[in-house]
Amino acid sequence: MPAPLTLAHSSCPNDTFVFHAWTEGLLPDAPGVTLTLADIDVTNGQARRGELDVLKVSYGVLPHILDEYALLPCGGALGHGCGPLVLVAEPGEPAALAGARVAVPSTTSTAYLLFRLWAADAVPGGVGEIVVLPFHEIMPAVRDGLVDAGLVIHEARFTYGRYGLHRTADMGEEWEKRTGLPIPLGAIVARRSLGTPVLRSLADATRASVRAARRDPDASRAHVLRHAQEMEPDVVDQHIDLYVNEFTADLGENGLHAVRTLLDRSAGLGLLPPVPDGSFDATLAL
């Protein structure tokens, strides 16, 4: 029996929900895996160092890892109405963020990339200091005046009102307004050196795990809640409903076009290196 492959994804409800059936051994035909739960900033670094076989990473890290990793066409986070938010303590126009001190959860995340693309048009002169804070510290920091604004992701969409904060911009709305495309957030990648048959089996296992999660959502309930970092059950449900969608099961031509558009626009502004032609040629065939 071959040694299990190494897999890392976040403890966010969408990831634990999607991968539960596979990582808990409920798919007899799926390759064996050893799971590590880690923040997306950690998995981005692991991918850049080539440390694991299969990882959930930010789309914004893809240009740095495509020599070693292939994009799988399923399992990731991409959709409509699910983009990061820019929050402030007092309502105001985006232009007021010129020179502002902004807290972000990571500078390697797709959220930060979307923020930079938006700010290039919406904030004349650009924002000021970027402060990296743990995700759970960002909204309190904005509320308490430690920073002027905060970039938040995931469940903060549903909870920022509890901190008395206001949304000054929705990165997803801005992206969709400009492109008409879904918002690329997180990707599943696997080592190219595993070879096409194994990559295809990984994609098949991911799809099967998505189908199992949707078919019997209660099966993963305890697993998801255990790793939800004290998130309330109703927020967990909203999180899963938003981030697990048709693109999770199949990126498709439209999803892949959105990914390529994000990376090409970012390269055009010098935010990322360009992606070599042909980097995604095999993705949709897996």
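Before reading further, recall that the structure is shown in the block above.
What comes next is a walk through the structure. (Residues numbered from 1 in each chain as written. Predicted model: local features only at pLDDT ≥ 70, side-chain atom pairs only at ≥ 80, totals over all residues. Heavy atoms only, no water.)

**What to know about the overall build of the chain**
Put simply, the rule is: Only DSSP runs of H or I reaching four residues or more are called helices, and only runs of E reaching two or more are called strands; each is numbered from the N terminus. With C-alpha atoms as the basis for the radius of gyration, the globule rule is written as 2.2 Å multiplied by the number of residues raised to the power 0.38. Each residue is assigned to one of three classes by its accessible area relative to the maximum for its type, calculated with a 1.4 Å probe on protein chains only: buried under 20%, partly exposed between the two thresholds, exposed over 50%. The protein chains shown are the only cover counted for residues, whose accessible areas, like all others here, come from Shrake-Rupley with a 1.4 Å probe. Working convention for charge: Lys and Arg count positive, Asp and Glu count negative, and His plus the chain ends are omitted. Working definition for charges: the position is that of NZ of Lys, CZ of Arg, CG of Asp or CD of Glu.
Summing up its helical and strand segments, the chain has 12 helices and 11 strands in all. Taking 2.2 N^0.38 as the reference for a compact globule, 286 residues should give roughly 19 Å; the C-alpha atoms of the chain span a radius of gyration of 18 Å, in line with that estimate. Projected onto the principal axes, the alpha-carbon positions of the chain cover approximately 60 × 45 × 30 Å. When burial is assessed residue by residue, the chain has 56% of its 286 residues classed as buried. For the chain, the accessible surface area stands at approximately 12,300 Å², while carbon and sulfur atoms represent 50% of it. Taken together, the 22 basic and 35 acidic charged side chains of the chain have centroids lying 3 Å from each other.

**Quick word on the packing of helix α1 (residues 13-23) against helix α10 (residues 233-243)**
Rules: Angles here are taken between N-to-C directions and fall from 0 to 180 degrees, while the axes themselves are lines fitted to C-alpha atoms, restricted in helices to the stretch in contact. In these notes the angle categories are as follows: under 35 degrees is roughly parallel, over 145 is roughly antiparallel, 65 to 115 is roughly perpendicular, and the rest is oblique. Contacts were defined at the residue level, with two residues in contact if any of their heavy atoms lie within 4.5 Å. Polar here means any residue outside two lists: the nonpolar Ala, Val, Leu, Ile, Met, Phe, Trp, Tyr, Cys and Pro, and the charged Asp, Glu, Lys and Arg; Gly therefore counts as polar.
Contact geometry of α1 with α10 gives a least axis separation of 8 Å together with a crossing angle of 70 degrees. Comparing their axes, α10 and α1 come out roughly perpendicular. Counting all contacts with α1, which are made through Pro13, Asn14 and Phe17, the residues of α10 involved are Val236, His239, Ile240 and Tyr243. Of the residues assigned to the contact of α1 with α10, the class counts are five nonpolar, two polar and no charged.

**A short note on the sheet that holds strand β10 (residues 166-170)**
Convention followed: For two strands to pair, DSSP has to find at least two bridges joining them.
In space, the five strands of this open sheet follow the order β8-β7-β9-β6-β10, with mixed pairing throughout. A single partner strand is all that each edge strand has here, and the edge strands are β8 (130-132) and β10. Strand-to-strand twist in this sheet, taken as the mean axis angle between neighbours without regard to direction, amounts to 30 degrees. Examined bridge by bridge, strand β6 (residues 85-88) and β10 share four bridges and lie antiparallel to one another. Residue pairing for β10: Val86 is matched across the bridge by Ala169. The strands that helix α7 (residues 171-179) touches are β6, β9 (149-152) and β10; relative to β10, the one it contacts most, it runs at about 30 degrees.

**Re the packing of aromatic side chains**
For any two aromatic rings, the description comes down to two numbers: the centre-to-centre distance and the angle of the planes. What counts, and what does not: Here a Phe, Tyr or Trp ring, Trp counted by its six-membered ring, pairs with any other such ring whose centre lies within 6.5 Å, and the pair is stacked when the planes are under 30 degrees apart, edge-to-face when over 60, and tilted otherwise.
All chains considered together, the criterion is met by three aromatic pairs. A ring pair is formed by Phe19 and Trp22, whose centres lie 6.2 Å apart and whose planes are at 35 degrees; its orientation type is tilted. Taken together, the residues span about one helical turn, with Phe19 and Trp22 both in helix α1 at a distance of three residues. Exposure remark for Phe19: the relative accessible area of 1% places this residue in the buried category. The class for Trp22 is buried, based on a relative accessible area of 4%. Every member of this aromatic cluster is reached through a ring pair, and the members are Tyr112, Phe115 and Trp118.

**Notes on the packing of α7 against helix α12 (residues 252-268)**
One way to put it is that α7 packs onto α12 with a least axis distance of 12 Å and a crossing angle of 95 degrees. In terms of orientation, α7 and α12 fall into the roughly perpendicular class. Each of Trp175, Arg178 and Thr179 in α7 lies in contact with α12, whose residues at this interface are Ala258, Thr261, Leu262 and Arg265. Its residues assigned to classes, the contact of α7 with α12 comprises three nonpolar, two polar and two charged.

**Focus on α1**
Where burial is concerned, most of α1 is hidden: 11 out of the 11 residues are buried. For α1, the full list of buried residues reads Pro13, Asn14, Asp15, Thr16, Phe17, Val18, Phe19, His20, Ala21, Trp22 and Thr23. Taken from the residues just after α1, Gly25 is the one with a positive phi, measuring 75 degrees.

**A short note on the environment of Val210**
Secondary-structure assignment places Val210 in helix α8 (residues 196-215). Separated by 52 residues in sequence, Val210 and Leu262 place their C-alpha atoms 25 Å apart. Here Val210 is in contact with Val18, Thr248 and Ala249, once residues within four sequence places are set aside.

**Points about the nonpolar core**
Across soluble globular proteins, nonpolar side chains show a tendency to be buried alongside one another. Cut-off, in case you're wondering: By convention a nonpolar core is built from buried Ala, Val, Leu, Ile, Met, Phe, Trp, Tyr and Cys residues, the set being connected through side-chain atoms within 4.5 Å.
The biggest cluster of nonpolar side chains holds 54 residues, and the ones touching the most others in it are Val57, Tyr59, Leu62, Val86, Trp118 and Phe280. The next biggest cluster of nonpolar side chains, apart from the first, holds 32 residues, and it includes Phe17, Phe19, Trp22 and Val210.

**Quick look at the side chain of Thr16**
Along the chain, Thr16 falls in helix α1. Leaving out residues up to four positions away in the same chain, Thr16 has contacts with His9, Ser10, Ser11, Leu37, His223, Val224 and His227.

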